Protein chains: 2
Amino acid sequence: MCQLLGLNCATPTDATFSFTGFCQRGGATDHHADGWGIAFFEGKGLRLFIDHESAAASPVAAFLRGYPLKSRNIIAHVRKATVGEVCLENAHPFTRELWGRHWVFAHNGDLKDYHPKLHSHFLPVGSTDSERAFCWLMQELAKSHASVPSVAELTLTLRELVPQISRLGTFNFLLSNGDALWAHCSTKLHWLIRQHPFQAATLMDEDWTVDFADINQAGDRVAVIVTTPLTRNEQWAAFAPGELKVFVDGQPVG
Amino acid sequence: MCQLLGLNCATPTDATFSFTGFCQRGGATDHHADGWGIAFFEGKGLRLFIDHESAAASPVAAFLRGYPLKSRNIIAHVRKATVGEVCLENAHPFTRELWGRHWVFAHNGDLKDYHPKLHSHFLPVGSTDSERAFCWLMQELAKSHASVPSVAELTLTLRELVPQISRLGTFNFLLSNGDALWAHCSTKLHWLIRQHPFQAATLMDEDWTVDFADINQAGDRVAVIVTTPLTRNEQWAAFAPGELKVFVDGQPVG
C-alpha cells in the first residue's frame, strides 16, 4: 500500500512541513520506498516531480524540501509497488489534459486484475492498475461533459463513476484540476483544516515543530488530506469508507 | 524568439554540459528570460521541469546543473515571450499522452493569429500559439494512425502535416516520444554528432571545456540539436529552411 498527501489551500501555501514528514514514510520510517511524486498547481500551470528512488533518499525530494513551491493544490504520493514494476512511468501522481486543463491523480490501494475498457484517447503509459483507473475516470468524465463543468457538477459525476471502480478493490485516491481537490476513501484517509487561530504542530515522523501562527495570515486556510495523520498534536478526522469529499479554498464543500 | 536544445543519444547521457551553456541564454548572455523548461525521457517515463523564472536565475535549473539526469531523449527551451503572457502554463516543453506514450514538444518562432480547428481531445491549457500547434499536430497524428506507428511512418505523416503549419509563420520545433527526436527548421537550427573518437569542446556562453573522450565510452553517440551553436570548437551543421530531420540512437535516420 502507498501513502497519499493532498493540500487544498485558500492562498498559495508551501507544503514543506507536511512534505518533509511525508517523505520520511518513503523509505525511512516506513517501507514505501518504490518511488514518489508530487504535483503543484500554479494557476492552470502544473509542476510535476516524480522519481523512482525512495522519497527519503531522493536528491529531487531533498531539493524540494529546501525550495518551497507555493501552490493552492498539491498532491503527493510515496509508492510501495504492488502492481507494476518500479520505473518512472509507474510513479504517481499521473497527469492528463482534459478540456484544456491539467488533471492530476494519485492512488493508494489495489485493483487487482482491473482492465477497464479504454476505448477512447486516454491510455496508460505504465503498467499500474492506478493509471488504468485514472484513464477510465478521464474517459468517462470526457463522455459526461462537453467542456469543463462546475466543481459541483464534476462532483456529481464522480459520485456516479467512483463506485464502479471502488467495488472492485481498494480505491483511496486524490484528484485535482487546480480548482478543487477530490478525495475518496475506500479504507483509510484522514483530513484536517488549518486556519485562524493557527496553532503549533509536531511531525510524527521527524522531530520538527512548526507554529503555524508565526507563518500564516488571517486569510490563510489549508485542508490537509493524508493516509495516516502526519502530526501528533492536531485533531485528524477519519474519512468514512466510501466517502468522497471535495475541497475548495481550503475547506470541504461537498 | 526562443531557443531550443535537443539531445538524442545511443546510451543514457547527461546533458549537464550543454544545458549549462544553454541556461546562460535564459537571461544572462541572451535575453530569453521569460521562463524555461527541460524534459527527460527515461524509457517510456518522463520527467518535465518547467519554470517561469529565467533559466540563468532559476533554483530548479541550478539544481539540475548539479544533479545530472541521464536520458536518451532530452528537449529544453528558454523562452522570450512573444505570444502569451509569462506564466507556468505557457512554459515549454509541452506534453501530451497519445497511444499510451508521452509526447514532448518545444517551439521557437511565431505563428501569429494561428487558431487551428481543434475539434478533438487535445486542447491548449495556456495561451501560446506553440501549444495550439502542438495540439493540432497531436490531433492530426491521432487521426492518421490507430496505434503507435513506426518512426518511419510517423516521419512520413509529419512531412505531410508540418508544412500546413510552417507556411503560416516561423516553426522551428523539437518533438519526441522517447523513441526518436524530430527536429524541424523554418529559419534557424543547428546540429552535430558527438561520437568516437570524442574530442574536447568549449562552451560559447561560459568558460567551460569538457573533453568528451574522458567521459564517454566507445558505444556512446549523441546528436545535439540547438538554435545557435553551443560550442566554439566543434563543427555545427545548419539545417536548411523547411528541413525535417529525425534522430534515433544519436544519429539522423531521415
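Here, every reference points to the structure presented above.
Throughout, residues of each chain are indexed from 1 in the direction in which the sequence is written. Going through the entries in the order they are written, you letter the chains from A and number the ligands from 1. Confidence filtering applies because this is a predicted model: local features only for residues at pLDDT of at least 70, side-chain atom pairs given and counted only at 80 or more, and all residues used for totals across whole chains, interfaces and linings. No hydrogens and no water enter the side-chain calculation; it runs on all heavy atoms of the structure.

Draft legend 1. View of the pairing of strand β3 (residues 45-51) of chain A. Residue and element names in this part refer to chain A. Accessible area is worked out with a 1.4 Å probe on protein chains only. A residue is then buried under 20% of its type maximum, exposed over 50%, and partly exposed in between. Every helix listed is a DSSP run of H or I at least four residues long, and every strand listed is a run of E at least two residues long, numbered separately from the N terminus. Counting buried residues in β3 gives seven out of seven residues, a clear majority hidden from the surface. What you see with β3 is no split at all: G45, R47, F49 and D51 on one side and L46, L48 and I50 on the other are buried throughout. Across seven bridges, the pairing between strand β2 (residues 36-42) and β3 is antiparallel. Counted as the bridge partner of A39 is L48 from β3. Count of turn residues in the β2/β3 antiparallel hairpin: two residues, of which G43 carries a positive phi of about 65°. At least two DSSP bridges between two strands are needed for those strands to be called paired.

Draft legend 2. Main features of the nonpolar core. Here the nonpolar core consists of buried residues drawn from Ala, Val, Leu, Ile, Met, Phe, Trp, Tyr and Cys, with membership extended through side-chain atoms lying within 4.5 Å. Judged by nonpolar contacts, the single largest core of 54 residues is most densely connected at W36(A), L64(A), W36(B) and L64(B). Formed by 29 residues, the second largest nonpolar core is a distinct cluster that contains W99(A), W103(A), L118(A) and F122(A).

Draft legend 3. Summary view of the sheet that holds strand β7 (residues 172-176) of chain B. All names here are of chain B. Spatial ordering of the open sheet is given by β5-β6-β7-β8-β14-β15, a layout of six strands whose pairing is antiparallel. Strands at the two margins of the open sheet, each flanked by one partner only, are β5 (94-98) and β15 (251-252). As defined by bridge partners, strand β6 (residues 101-108) adjoins β7 across five bridges and the pair is classed as antiparallel. Across the sheet, the residue bridging to H107 is F173, located in β7.

Draft legend 4. Here's a closer look at the sheet that holds strand β7 (residues 172-176) of chain A. Residues and elements named next belong to chain A. Ordered by their spatial adjacency, six strands build an open sheet running β5-β6-β7-β8-β14-β15, and the pairing between neighbours is antiparallel. With one partner strand each, in any of the chains shown, β5 (94-98) and β15 (251-252) form the two edges of the open sheet. When strand β14 (residues 244-248) meets β15, the two strands line up antiparallel, connected through two bridges. Bridging from a neighbouring strand, V248 pairs with Q251 of β15. Sheet strands in contact with helix α3 (residues 129-144) are β5, β6 (101-108) and β7, and its direction is about 15° off that of β5. Pairs of residues are marked as contacts when any of their non-hydrogen atoms sit within 4.5 Å. Between N-to-C directions, angles cover 0 to 180 degrees, with each direction set by a line fitted to C-alpha atoms, over the stretch in contact for helices.

Draft legend 5. Highlighting the pattern of salt bridges. A side-chain nitrogen of Lys or Arg and a carboxyl oxygen of Asp or Glu constitute a salt bridge if their distance falls within 4 Å. For the structure on display, the rule yields 20 salt bridges over all chains. Here R96(A) makes a salt bridge to E131(A), at a shortest N to O gap of 2.8 Å. Here the residue R96(A) occupies a position in strand β5, and E131(A) occupies one in helix α3, the gap between them amounting to 35 residues. Each member of the pair, R96(A) as well as E131(A), carries the same accessibility label: buried. For D179(B), the salt bridge identified is with R101(B), shortest N-O distance 3.3 Å. Taken together, the residues D179(B) in the loop between β7 and β8 (181-184) and R101(B) in strand β6 connect sequence positions 78 residues apart. Taken together, the shared-partner salt bridges in this structure form one network comprising E42(A), R47(A) and D51(B).

Draft legend 6. Structural view of the interface of chain B and chain A. The interface of chain B with chain A comprises 28 residues on the first partner and 28 residues on the second. Buried surface area refers to the total accessible area, computed with a probe of radius 1.4 Å, that the two partners give up upon joining, counted for both partners together. Both sides together, the interface formed by chain B and chain A hides about 2500 Å², and carbon and sulfur atoms give 58% of it. The three residues of chain B that bury the most area against chain A are R47(B), E97(B) and V125(B), which together make up 23% of that side's buried surface. Counting every contact that joins chain B to chain A gives four salt bridges.

Draft legend 7. Structural detail: the relation of the copies chain B and chain A. Mapping chain B onto chain A calls for a rotation angle of 180° and an axial translation of 0.0 Å; the resulting RMSD is 0.0 Å. One copy is carried onto the other by what is essentially a two-fold rotation axis. When the interface residues of chain B are mapped onto chain A, 100% of them are again interface residues, pointing to one common binding face. For this overlay, a least-squares fit was computed on C-alpha atoms, restricted to residues scoring pLDDT of at least 70 in both copies.

Draft legend 8. Looking closely at the side chain of H145(A). Residue and element names in this part refer to chain A. Note that H145 resides in the loop between α3 and α4 (151-166). Residue H145 is classed as buried on the basis of its relative accessible area, which comes to 15%. Beyond its immediate sequence surroundings of up to four residues, H145 is in contact with W99, E153 and T157.

Draft legend 9. Geometry of the state of the cysteines. Residue and element names in this part refer to chain A. Whenever a pair of cysteine sulfur atoms sits within 2.5 Å, that pair is classed as a disulfide. Under the counting rule described, the total for this entry stands at zero disulfides over all chains. With no disulfide of its own, C2 lies closest to C87 among cysteine sulfurs, the gap being 14 Å. Owing to a relative accessible area of 8%, C2 belongs among the buried residues under this scheme. For the unlinked cysteine C9, the closest cysteine sulfur is that of C23, found at 17 Å. Residue C9 is classed as buried on the basis of its relative accessible area, which comes to 1%.

Draft legend 10. Representation of helix α4 (residues 151-166) of chain B. All names here are of chain B. Taking 1.5 Å of rise per residue, 16 residues should cover 22 Å, and α4 covers 21 Å from first to last C-alpha, within 8% of that figure. Where α4 bends most, at R159, the angle is about 30°, and the proline P163 comes one to four residues later. Looking only at α4, the buried set comprises L154, T155, T157, L158, L161, V162 and I165. Here a helix's expected span is defined as the number of its residues, less one, multiplied by 1.5 Å. What we call the bend at a residue is the angle made by axes fitted to the seven residues finishing there and the seven residues starting there.

Draft legend 11. Structural detail: the packing of aromatic side chains. Residue and element names in this part refer to chain A. Here a pair means two rings of Phe, Tyr or Trp (six-membered ring of Trp) with centres within 6.5 Å. Their orientation is stacked below 30 degrees between planes, edge-to-face above 60, and tilted elsewhere. On inspection of all chains with the given rule, the structure shows 26 aromatic pairs over all chains. Ring centres of F105 and F173 lie 5.5 Å apart, and the angle between their planes is 35°; this geometry places the pair in the tilted category. Residue F105 is found in strand β6, and its partner F173 is found in strand β7; the two are separated by 68 residues along the sequence. Just as F105 is buried, F173 falls in that class too.

Draft legend 12. Spotlight on the environment of D14(B). Residues and elements named next belong to chain B. As for its placement among the helices and strands, D14 is situated in strand β1 (residues 3-14). Beyond its immediate chain neighbours, meaning those up to four positions away, D14 contacts P68, L69 and K70. A polar side-chain atom of D14 sits 2.6 Å from a polar atom in the side chain of T16. Any pair of N or O atoms that falls within 3.5 Å is considered a polar contact. Within protein, one atom must be able to donate a hydrogen and the other to accept it, and sequence-neighbouring residues count only if both atoms are side-chain atoms.

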